Amino acid sequence: MTSVKLTVAEVSESMQRFGLVDYVVFVASLLICVVIGVYFGWKDWRVQQQRKHNVRRGSEALNYLVGGRKMKIFPVAMSLIASFISGIAVMGSSTETYLHGTQFCYIFTGILLMAVSMNYIFLPVYQGLDITSAYAYLQMRFDRRIRLLGSGLFVLATLLHLPIVIYVPALAFNQVSGINVHVVSTSVCLVCIFYTLVGGIKAVVWTDVIQMFIMIGALILIVIKGTADIGGLSVLIERNMASGRIEPPNFSFDPTERHTIWAIFIGGGSFWMGKNAIHQMMIQRYLALPSFRDAQKALVCFTVGIILLLMTCFYNGLLIYATFHDCDPLTTGLAKAKDQLLPVLLMKVLADIPGLAGLFISGIFSASLSSLSTGLNSLSAIVLEDFVKPFTRRPLSERATRYIMRSTVFVFGIVAVVLVLVVEQLGTVLQLAMSLVPISLGPLLGLFLMGMLLPWVDASSAFGGAISGLMTMSYIVIRAQIAVAAKEMPILGKPVSVEGCDYTFDLPVGFNTTSIPPLGSSEKSLHHVSYLYYTFIGAVTTVVVGSLTAAIFRRQQPDKLDPLLLAPFVRKLYHSERIPSSGGMVHNFNKEDTQL
């Protein structure tokens, strides 16, 4: 007697075993974040009340935005990692490895490039300026117009990024529970908006620490249990080698190839530099530390932690293939979206153990909420420091400061939730995040590099360079997204199989197990360049146009520039006589609009 096979819909429904214990674990993780936010909000309120009559002007912003510059290295380092490893990285990296192999795993080379540039160029400058907004530097180095341009580009980049951050965990929750994506994203984001609004940077950092441990625990559980279920590490390696997923670096010099070692090192390194070295979300945490030495230690912890976590995510991509090597969840429809592959693995591996599925989803949400909370807190800093303070005739009262910062968090939080409706219509989240954000990130990186490395570039030249970079990147990215949507830029994937499926399903039209895409046009244009180069192209365009314009028309005298606005090795070239042996130096620029 033959047994009747289940349909893919029935299998999917059977995998949605998000039980009472899982919901308890998930809700408990959110409540912990709320409690932390309320605690730090209450603590800061008490301090303000006790010092009400002799409080120093600006202490409200100082506490809310940079924790009084007294934060400790460990929580800040954990917060940096948690903010950077959002659900985009956790799920997107695994999806990338499953679909396209290990070529992107060599991104650790780009991360090391970012760390070196941070240590020798960016951190020494920031730590010597006593600023809260990273873009206050642009006013000191150039003028207020460039500062507003930089701040505007940051707001644009953040608003492009946050909806993707929100959408990813909602996808995961939908896969394991069946609850609508928009119901989940709206509910959980309101919790995040609340604790960020109430608790400020201290709540953001300490919730990040809690969320970091939840995320690490969830990933390690999947690695251990999933590897054991397939028969061990040797089976994982064998199956992935056979499919061509484990591969050496691609040393091709063709810039239109999606992933080469050069695109990953140069392009990926530029993207990471832009996301860490000039991004208010990250810099605000470094500025919350008391000294440059503390910032260096946090940078080392961040670099090591981020590489280890990403490698774990890549490993999970290999584990997904080893688990579903003969029954591809995307082809059968078991996973409704590419970035639901990791949740499908989760429900296969951990669903029988009560609470573990809830822990994993909490980990994915934790990764994303840490990025969302940090982004909202950073936006409040930018709005206050760059868009309000410079245009007020009288110093803001503590109450006005409080209302401005918290209103900003609320408004931008709601905007990000609404923009999720747009994001769900677009492609895979990892490539999407690294494609849209560079529109503004590339020109912004170019502005900071000109400021710290090229002392002859003046404000007008820098402005022209940034506008050129912005226009160039807007064309490339938008044209590329149109081409992707029209299937003019097909991406070759690794082979998959459905021969071993034990349930029934309908094959998609035109299905081919070798994943060979239809032939596209042989002619290649500028927008066919690898998405990894986007930030690099935007920065180079900005620097080249700005520096050439300055050299030809408006050359600024390097010796008239304050040395502390330049990277240390550039100071030695142009201002060696002005740098005392003790290392101390007095600023000669106007800090009027940059003080808290």
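For the structure, check the block above.
Quick caveat: nothing in here was measured; it's all calculated off a predicted structure. Once a new chain begins, its residue numbering starts again from 1 and follows that chain's sequence as written. The predicted nature of this model means local features are confined to residues of pLDDT at least 70 and side-chain atom pairs, given and counted, to a pLDDT of 80 or more, with totals for whole chains, interfaces and linings taken over all residues. Here the side-chain values reflect all heavy atoms present in the structure, with hydrogen atoms and water set aside.

### Here we look at the state of the cysteines
Consideration 1: Throughout, disulfides are identified as pairs of cysteine sulfur atoms within 2.5 Å of each other. Taken as a whole and judged by the stated rule, the model has 1 disulfide.
Consideration 2: Residue pairing for Cys-327: its cysteine sulfur links by disulfide to Cys-501, the two sulfurs lying 1.9 Å apart. Looking down the S-S bond of the Cys-327 and Cys-501 bridge, the torsion is 110 degrees, so its handedness is right-handed. On the criterion of sequence distance, the pair formed by Cys-327 in the loop between α13 (292-323) and α14 (329-332) and Cys-501 in the loop between α20 (459-485) and β2 (503-504) is long-range, its members being 174 residues apart. Residue Cys-327 shares its accessibility class with Cys-501, and that shared class is buried. Numbering of helices and strands starts at the N terminus; helices are DSSP runs of H or I of at least 4 residues and strands are runs of E of at least 2. Each residue gets one of three labels from its accessible area relative to the maximum for its type: buried under 20%, exposed over 50%, partly exposed in between, using a 1.4 Å probe on protein chains only.

### Let's talk about α20
Consideration 1: Multiplying one less than the number of residues by 1.5 Å gives the expected span of a helix. With 27 residues, α20 ought to run about 39 Å at 1.5 Å a step, and its terminal C-alpha atoms sit 39 Å apart, in line with that.
Consideration 2: Inspection of α20 places Ala-459, Ser-461, Ala-462, Gly-465, Ala-466, Gly-469, Met-473, Ile-476, Val-477, Ala-480 and Ala-483 among the buried residues, and these make up the whole buried set.
Consideration 3: A 3.5 Å cut-off defines polar contacts: any pair of N or O atoms within that distance qualifies, except that in protein one atom must be a possible hydrogen donor and the other a possible acceptor, and neighbouring residues in sequence count only when both atoms are side-chain atoms. The N-capping residue of α20, defined by a side-chain oxygen 3.4 Å from the backbone nitrogen of Ser-460, is Asp-458.

### Points about the side chain of Asn-316
Consideration 1: Inspection of the secondary structure puts Asn-316 in helix α13.
Consideration 2: Non-local contacts of Asn-316, meaning those with residues more than four positions away in its chain, are made with Ser-94, Leu-219, Ile-222, Val-223, Leu-342 and Leu-345. Any two residues whose heavy atoms approach within 4.5 Å are treated as being in contact.

### Examining a nonpolar patch on the surface
Consideration 1: A patch is a set of surface residues, each over 30% in relative accessible area and not in a salt bridge, joined within 9 Å for like charges and within 5 Å for the nonpolar side chains Val, Leu, Ile, Met, Phe, Trp and Tyr. For the area figures, the Shrake-Rupley method with a 1.4 Å probe applies, and any residue is considered shielded solely by the protein chains shown. Each reported salt bridge corresponds to a side-chain nitrogen of Lys or Arg within 4 Å of a carboxyl oxygen of Asp or Glu. Residues Phe-265, Ile-266, Phe-536, Val-540, Val-544, Leu-548, Ile-552 and Phe-553 make up a contiguous nonpolar surface patch of about 720 Å² in total accessible area.
Consideration 2: Breaking the nonpolar patch down by element, the ones donating at least two residues are α11 (261-277) and α21 (534-552).
Consideration 3: In terms of residue count, α21 provides more of the nonpolar patch than any other element does, 5 residues in total.
Consideration 4: With respect to the element layout, Phe-265 can be found in helix α11.
Consideration 5: The class of Phe-265 is partly exposed, set by a relative accessible area of 33%.

### Things to note about the pattern of salt bridges
Consideration 1: The final tally for this structure, using the stated rule, is 5 salt bridges.
Consideration 2: Among the ionic pairs, Lys-225 bridges to Asp-229, the shortest N-O distance being 3.1 Å. Here the residue Lys-225 and the residue Asp-229 both occupy positions in helix α9 (residues 181-230), the gap between them amounting to 4 residues, near one helical turn.
Consideration 3: Taking the relative accessible area as the measure of exposure, Lys-225 reaches 29% and is therefore partly exposed.

### Re the packing of helix α19 (residues 438-453) against α20
Consideration 1: The axes used here are C-alpha line fits, helices contributing only the stretch in contact, and every angle between their N-to-C directions lies in the interval 0 to 180 degrees. At a closest axis distance of 8 Å, the pairing of α19 and α20 adopts a crossing angle of 155 degrees. Classified by the interaxial angle, the pair formed by α19 and α20 is roughly antiparallel. Handedness of the crossing formed by α19 with α20: right-handed. On α20, the residues touching Pro-438, Ile-439, Ser-440, Pro-443, Leu-447 and Met-450 of α19 are Ala-462, Ala-466, Gly-469, Leu-470, Met-473, Ser-474 and Val-477.
Consideration 2: The residue classification treats Ala, Val, Leu, Ile, Met, Phe, Trp, Tyr, Cys and Pro as nonpolar and Asp, Glu, Lys and Arg as charged. All others, Gly included, are polar. Residues belonging to the contact of α19 with α20 are distributed by class as follows: 10 nonpolar, 3 polar and no charged. Orientation categories follow fixed angle ranges, with anything under 35 degrees roughly parallel, anything over 145 roughly antiparallel, 65 to 115 roughly perpendicular, and all other angles oblique. Here a crossing is taken to be left-handed if its near helix is turned anticlockwise relative to the far helix by less than a right angle, and right-handed if that turn runs clockwise.

### Re helix α15 (residues 341-350)
Consideration 1: With respect to burial, α15 is a largely interior element, 9 of its 10 residues being buried.
Consideration 2: Among all positions of α15, only Leu-341, Leu-342, Pro-343, Val-344, Leu-345, Leu-346, Met-347, Val-349 and Leu-350 are buried.

### Here we look at the packing of aromatic side chains
Think of a pair of aromatic rings as described by two things: how far the centres are apart, and how the planes are tilted against each other in angle.
Consideration 1: Centres within 6.5 Å make a pair out of two Phe, Tyr or Trp rings, where for Trp the six-membered ring is used; the pair is then stacked when the planes are under 30 degrees apart, edge-to-face when over 60, and tilted otherwise. All told, the structure shown has 9 aromatic pairs when counted by the stated rule.
Consideration 2: A ring pair is formed by Tyr-137 and Phe-448, whose centres lie 5.7 Å apart and whose planes are at 20 degrees; its orientation type is stacked. Residue Tyr-137 is found in helix α7 (residues 136-141), and its partner Phe-448 is found in helix α19; the two are separated by 311 residues along the sequence. Residue Tyr-137 shares its accessibility class with Phe-448, and that shared class is buried.
Consideration 3: Seen in terms of ring centroids, Phe-253 and Trp-262 are 5.3 Å apart; in terms of plane orientation they differ by 10 degrees. Their pairing is stacked.
Consideration 4: In this structure Phe-253 comes out as exposed when scored by relative accessible area, which is 68%.
Consideration 5: On the accessibility criterion, Trp-262 (28% relative accessible area) is partly exposed.
Consideration 6: Joined through ring pairs, the aromatic side chains of Tyr-126, Tyr-135, Tyr-137, Phe-154 and Phe-448 make up one cluster.
Consideration 7: Seen from the ring of Phe-463, Arg-145 lies directly overhead, with NZ or CZ sitting 4.8 Å from the centre. In this scheme, Lys NZ or Arg CZ marks a charge over a ring once it lies within 6 Å of the ring centre and within 35 degrees of the ring normal.

Limitation: the analysis is restricted to geometry and does not speak to function.
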